[in-house]
Amino acid sequence: MPNSHGIYEDNNDCRTLTEQYDVQNIWWEKPDCLYPFLIRVDDIPAGFMLIATPPHCAKGVNYFVNDFFLLQPFRGKGVAQKAATQVFEMFKGQWELFTNPMEQNITGQKFWRKTVSSYTKNHFEEAVGMTFDGHKMVFRFNNADR
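Residues numbered from 1 in each chain as written. Predicted model: local features only at pLDDT ≥ 70, side-chain atom pairs only at ≥ 80, totals over all residues. Heavy atoms only, no water.

Whenever I open this one, the overall build of the chain confuses me. Can you help?
Secondary structure summary: the chain contains 4 helices and 6 strands in total. Each helix and strand of the chain, placed in order from N terminus to C terminus, yields the pattern α-α-β-β-β-α-β-α-β-β. Since a compact globule built from 146 residues should have a radius of gyration of about 15 Å, the 15 Å found for the chain is in line with a globular shape. Referenced to the eigenvectors of the C-alpha coordinate spread, the extents of the chain come out at roughly 45 × 40 × 35 Å. Taken over 146 residues, the chain has a buried fraction of 37%. For the chain, the computed accessible surface area is about 9300 Å², with 52% contributed by carbon and sulfur atoms. Side-chain charges in the chain split into 15 positive and 17 negative, and the spacing between the mean points of these groups amounts to 8 Å. (Helix = DSSP H or I, 4+ residues; strand = E, 2+ residues; numbered from the N terminus. Rg over C-alpha atoms; globule rule 2.2 N^0.38 Å. Buried < 20%, exposed > 50% of the residue type's maximum accessible area, 1.4 Å probe, protein only. Areas by Shrake-Rupley, 256 points an atom, 1.4 Å probe, with all protein chains shown as cover. Lys, Arg positive; Asp, Glu negative; His and termini not counted. Charge placed at Lys NZ, Arg CZ, Asp CG, Glu CD.)

Structure (structure tokens):
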């Protein structure tokens, strides 16, 4: 849902698209610790994945899935799982990702549970609780030995 100004941000601090661009520019200003990925299907932009590393993630976490999005026409075709797996393989260490624990997000929960379970061969932690981003379902795994 957009904020009260019609901008897709978590809070009402961003009032215009220009302000939102300023918030998002950090992803291109810190190439040594923030990694934006464009997901393409047949050379068509289909989504994106944003990966954060310290100091932009929790203590003890090496890689954090900050954002993950795939356009509706590409969903349910294995594109998202393939993209996530490719990015996981690029970076080795302790991973963390959040998703909405609410009933309205059953599809997202199932996606991450299936993707992380398959990738880690069922060696991951799943919990629901408070995070820096509110009440979330949290997935954690370590792929350093893969």
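Would you explain the pairing of strand E6 (residues 134-142) in this entry?
The two faces of a sheet get side chains in turn, since along a regular strand they alternate between them. Bridge count between strand E4 (residues 94-99) and E6: 6 bridges; the pairing is antiparallel. Across the sheet, residue Thr99 finds its bridge partner in E6, namely Met137. As defined by bridge partners, strand E5 (residues 125-131) adjoins E6 across 7 bridges and the pair is classed as antiparallel. If you follow Thr131 over to E6, its bridge partner there is Gly134. From the end of E5 to the start of E6, which pair antiparallel, there are 2 residues. (Pairing = 2+ DSSP bridges.)

Got a minute to help me understand a negative patch on the surface in this structure?
There is a patch of like negative charges on the surface, built from Asp13, Glu19, Asp22 and Glu29. In this fold, Asp22 is placed in helix H1 (residues 17-24). What makes Asp22 exposed here is its relative accessible area of 53%. (Patch = residues over 30% accessible without salt bridge, like charges linked within 9 Å, V, L, I, M, F, W, Y side chains within 5 Å. Salt bridge = Lys/Arg side-chain N within 4 Å of Asp/Glu carboxyl O.)

Can you walk me through the side chain of Gln20 in this structure?
Mapping Gln20 onto the fold places it in helix H1. Residue classification places Gln20 among the buried positions, given a relative accessible area of 14%. In this structure Gln20 touches Ile7, Tyr8, Glu9 and Cys14, once residues within four positions along its chain are discounted. (Contact = heavy atoms within 4.5 Å.)

Explain unusual backbone geometry here, please?
Peptide bonds are mostly trans, and most non-glycine residues show a negative phi. Cis geometry is adopted by the peptide bond preceding Pro55, which originates at Pro54 and carries an omega value of 10 degrees. Along the chain, Pro55 turns up in the loop between strand E2 (44-52) and strand E3 (63-70). The phi angle at Asp42 is positive, at roughly 50 degrees, despite the residue not being glycine. Asp42 sits in the exposed class, given a relative accessible area of 72%.

Read these as geometric descriptors, not functional statements.
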